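Summary of the model geometry
Here are the chains, one letter per residue:
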Amino acid sequence: MTVTSAATVQQGKVTVKDFGLSYDTLEGAVEAVRDASIHVDPGEFVSIIGPSGCGKSTLLNAVAGFLKPTRGEVAVDGDAVAGPSADRGMVFQQYSLFPWKTVRENVEFGLKMKGMERSKRETSARTLLGLAGLLAFEKQYPENLSGGMKQRVGIIRALATGPKVLLLDEPFGSLDAQTRLIMQQILTNMWQRLKTSVLFVTHDIDEAIFLSDRVYCMTARPGTIKAEIAIPLGRPRQQSMMMSSEFLALRRGLMSLIREESLKAIGGEVNDIALQGLDIELHGRTLADVI
Amino acid sequence: MDGTALKLTETVARSSATETPPAVPCAAEPMPAPPKSNLVWRWLALHRSQLRTLAIGAVSLVLFLLAWHLLTKYRVTAHVRFVNVPSPEMVFDSLTRVTRDNKFLSHLFLSCRRIFIGFGIAATIAVPLGLVMGRFRLVREIVFPVSEVLRPIPAIAWVPMSIMLWPSNEESIIFITYLGSFFPILLNTLHGMAMVDPVLIRAAQCLGAREASIFREVYFPATLPHVFTGLTVGMGVAWVSLIAAEMISGQFGIGYFTWEAYSLVQYADIALGMICIGVLGLGSSALIRGLGRVVMPWAKT
């Protein structure tokens, strides 16, 4: 537990109230997200899950400060978000490491921007690299790293400045299934030590349940919050839990919620025969109603 | 202290067990002979394809010289006339003769100096201008139309205007050289700025970088590979423009030397001048590539 001294861990509180975002096109305003209210309590791991194009990344980008809400408010620790800053560390799906910087220089970047002197930030970066098991690669350029390694660097780079909240936008989306599982375990282990506030966006149900304390489920366009599900699984989390009946029950529930939305997102002509075996809880409605 | 160090090495060991580092690319072809633990042999086997390229290149050059030799020796005339074309031996003789006096060397030196100054000024203006144009839309909107109007005019077409503009011949030749290399450098830098991955900008912003830092730490290094493409192309055009300018209005320089040789019916010197221009062009491109490798250690090519 002594490793945490590298980055001063902060536990911010994220509040998003009645968030709405629309943008203008020739055909008129298009609503991407409507009336979304979410929060991340200090030290909590929260996921947003939903079909592609539901606006979950839009929501995350608004918290990061890249997008201004059309309606509603976004705040961290009570201060309205005005633009991107080191307060909110972000990890992107595309690896986004600076190719011209070595692994260690990448991790040091945020500290350099803070004006920390070279020797201090070097020590800091090395400790974090050790935590991620990447100390041996500190002098390599990102090009020489595997996808999983790059994303580990991305995560500790975002943590290095000690942000109030860590934002992750489908960070494991472009990794293969096996690496993905390992990365989920590494992330949950790191969180277990650091206990920083996390807002995690994914479309992977298992990933969301495995990592989170709470999961928000979003609807298809315009994106709204459809459900909020607490994940009462114990900590620390282990891969073996994914087979537990508790996990599977949560999975079944979320799966049904998401499938309805995914079907809406797919749209077009989908008939009953094509959808056989999808196993959606219809609650007395017909499949056509659901879609 | 010891405890933490131990823990760190432990994590390193564990993680490298779970995830193997990317494999070193290994030779696809099997070893041609039973493997020997001889270092020289292994080096040869690993560099087989490069060695092959080198060997074929050498043979090809020798064949070219041989063809040149035969064509001039037998004074072949098949529509194209090789009657007055100097043979490789004559050119070599000419080379040994001219290198003995300083006049030829000063021609070479003057041409190199003109390239150095003209290209240097072009690079010092075009690279920053391209960076600023790429970053600030207003600057781009103002400068781009002018540059688009001037760009299609070949540098050689500027010769008469240049002679009127500049008080000395030397300055007008340098100006032509400058013009030739300016636009390739500017356009490539501009293109590089447009190609910067926006996610890297956002990553930098999330790490607390402000405008000046983003420019220095992200835009500039991200654009560098394109800048070097521009410099390489610009160097090529600089030589083209210089030689043309020297032939038309010079009194010194390797371009002038080549043209003078024609006027004075010293045919071997024509070929010598041409070869010198080629070697100098090749050398200056190699210099820029080398510089690129030093400045951008992360880029593989």
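Residues numbered from 1 in each chain as written. Chains lettered and ligands numbered in written order. Predicted model: local features only at pLDDT ≥ 70, side-chain atom pairs only at ≥ 80, totals over all residues.

**Description of the overall build of chain A**
Here is the rule we go by: Strands are runs of DSSP state E lasting at least 2 residues, helices are runs of H or I lasting at least 4, and numbering of each runs from the N terminus. Three exposure classes are used, all based on how many other C-beta atoms lie within 10 Å of a residue's own C-beta (placed from the backbone): buried at 20 or more, exposed at 12 or fewer, and partly exposed between those limits. Contact between two residues is assigned when their C-beta atoms, built from the backbone, lie within 7 Å.
Check the secondary structure of chain A and you find 8 helices and 10 strands. Buried positions account for 47% of the 291 residues belonging to chain A. Taking all contacts inside chain A whose residues are at least 6 apart in sequence as the whole, residues at least 24 apart take part in 72%.

**Topic: helix H12 (residues 267-295) of chain B**
Residues and elements named next belong to chain B. As a reminder, the rule being used: Every helix has an expected span of 1.5 Å times one less than the residues it contains.
Between its terminal C-alpha atoms H12 stretches 43 Å, which fits the 42 Å expected from 29 residues at 1.5 Å a residue. Within the span of H12, buried status applies to Ala 268, Asp 269, Ile 270, Ala 271, Leu 272, Gly 273, Cys 276, Ile 277, Ser 284 and Ile 288. Where H12 is buried, its residues contact helix H4 (88-98), helix H5 (102-135), helix H10 (211-249) and helix H11 (254-263).

**Comments concerning the confidence of the model for chain B**
Close inspection of predicted coordinates is inappropriate for parts of the model with low pLDDT. Residues and elements named next belong to chain B. Formally: The predictor attaches a confidence to each residue, called pLDDT, with possible values from 0 through 100.
Model confidence for chain B is summarised by a mean pLDDT of 87, while 87% of its residues fall at 70 or above. This model gives residues 1-29 a pLDDT under 50, and the stretch forms 24 contacts once residues within four places in sequence are excluded. For this predicted complex, the interface confidence score (ipTM) comes to 0.87, while the overall pTM stands at 0.82.

**Details of H4 of chain B**
In an α-helix, one turn spans 3.6 residues, which is why side chains three or four residues apart end up on the same side. Residue and element names in this part refer to chain B. Using the following cut-off: Working definition: the arc comes from the directions between the helix axis and the C-beta atoms, pointing outward to the latter.
Along H4, the residues that are buried comprise Val 91, Ser 94 and Val 98. Within H4, the buried residues cover an arc of 60° as seen down the axis, which keeps them to one side. Pointing more than 90 degrees away from the buried face of H4 are the exposed residues Glu 89 and Thr 96. In the core, the buried residues of H4 are packed alongside H5 and H12.

**Looking at the domain arrangement of chain B**
Heads up, the rule is: Domain segmentation is taken from an automatic or database assignment of domains.
Examined at the domain level, chain B breaks down into domain 1 (39-81) and domain 2 (88-295). Here domain 1 of chain B and domain 2 of chain B have C-alpha centroids that lie 30 Å from each other.

**A few points about the packing of helix H3 (residues 118-131) of chain A against helix H4 (residues 147-160) of chain A**
All names here are of chain A. Put simply, the rule reads: As a rule, the C-alpha atoms of each element are fitted with a line to give its axis, helices using only the stretch in contact, and angles between N-to-C directions run from 0 to 180 degrees. In this scheme, roughly parallel covers angles under 35 degrees and roughly antiparallel covers those over 145, while 65 to 115 is roughly perpendicular and the rest are oblique. Less than a right angle of anticlockwise turn of the near helix away from the far helix marks a crossing as left-handed, whereas a clockwise turn marks it as right-handed. Ten residues, namely Ala, Val, Leu, Ile, Met, Phe, Trp, Tyr, Cys and Pro, are considered nonpolar, four, namely Asp, Glu, Lys and Arg, are considered charged, and the remaining ones, Gly among them, are considered polar.
Between H3 and H4, the shortest axis-to-axis distance is 10 Å and the interhelical angle comes to 140°. With respect to their mutual orientation, H3 and H4 come out oblique. Considering only the axes of H3 and H4, their crossing is right-handed. The segment H3 lies against H4, with Ser 124, Ala 125, Leu 128, Leu 129 and Leu 131 engaging Ile 156, Leu 159 and Ala 160. Within the contact of H3 with H4, the residues separate by chemical class into 7 nonpolar, 1 polar and no charged.

**A short note on the nonpolar core**
Note the threshold: As used throughout, a nonpolar core is a set of buried Ala, Val, Leu, Ile, Met, Phe, Trp, Tyr and Cys residues joined through C-beta atoms within 7 Å of each other.
Residues Val 63, Ile 156 and Leu 199 of chain A are the most contacted members of the largest nonpolar core, which totals 88 residues. Of all the elements, H4 of chain A adds the most residues to this core, at 7 residues. When sequence neighbours within four positions are dropped, the list of residues in contact with Leu 199 of chain A reads Val 14, Val 40, Val 46, Leu 60, Val 63, Val 165 and Leu 167 of chain A. Counting 51 residues, the second largest nonpolar core, distinct from the first, contains Ile 176, Phe 183, Leu 187 and Leu 272 of chain B.

**A look at the environment of Pro 84 of chain A**
The topology assignment puts Pro 84 of chain A in the loop between strand S5 (79-80) and strand S6 (88-91). Taking the C-alpha atoms as reference points, Pro 84 of chain A and Met 190 of chain A, separated by 106 residues in sequence, lie 24 Å from one another. Sequence-distant contacts of Pro 84 of chain A, defined by excluding residues within four places in its chain, comprise Ala 64, Gly 65 and Phe 66 of chain A together with Arg 202, Gln 205 and Cys 206 of chain B.

**Here's the deal with the sheet that holds strand S1 (residues 14-25) of chain A**
Residues and elements named next belong to chain A. What counts is decided by this rule: When DSSP finds two or more bridges between a pair of strands, those strands are recorded as paired.
Spatial ordering of the open sheet is given by S2-S1-S4-S5, a layout of 4 strands whose pairing is antiparallel. Pairing within the sheet leaves two strands with one partner each, and these edge strands are strand S2 (28-40) and S5. Inspection of the sheet shows strand S4 (residues 71-76) paired to S5 by 2 bridges, in the antiparallel sense. Within S5, the position partnered with Ala 75 by the bridge is Ala 80. Its contacts with the sheet place helix H1 (residues 56-64) against S1, S2 and S4, and it is angled at close to 115° to S1.

**A closer look at the sheet that holds strand S9 (residues 214-218) of chain A**
Residue and element names in this part refer to chain A. Strand order in the open sheet formed by 6 strands is S6-S7-S8-S3-S9-S10, with mixed pairing between adjacent strands. In this open sheet, the two strands that pair with only one neighbour each are S6 and strand S10 (225-230). Going across the sheet, the axis of each strand differs from the next one's by a mean of 15°, ignoring polarity. One ladder, built from 4 bridges, connects S6 with strand S7 (residues 165-169); its direction is parallel. Residue pairing in the sheet places Arg 88 in a bridge with Val 165 of S7.

**So, the pairing of S9 of chain A**
Residue and element names in this part refer to chain A. Within S9, 4 of the 5 residues are buried, leaving the element largely enclosed by the surrounding structure. Sheet topology places strand S3 (residues 45-49) next to S9; 4 bridges connect them, and they run parallel. Opposite Val 46, over in S9, you have Arg 214 as the bridge partner. As paired strands, S9 and S10 are joined by 5 bridges and run antiparallel to one another. Across the sheet, Val 215 pairs through a bridge with Ile 229, a residue of S10. In this antiparallel pair of consecutive strands, S9 and S10, the connection spans 6 residues.

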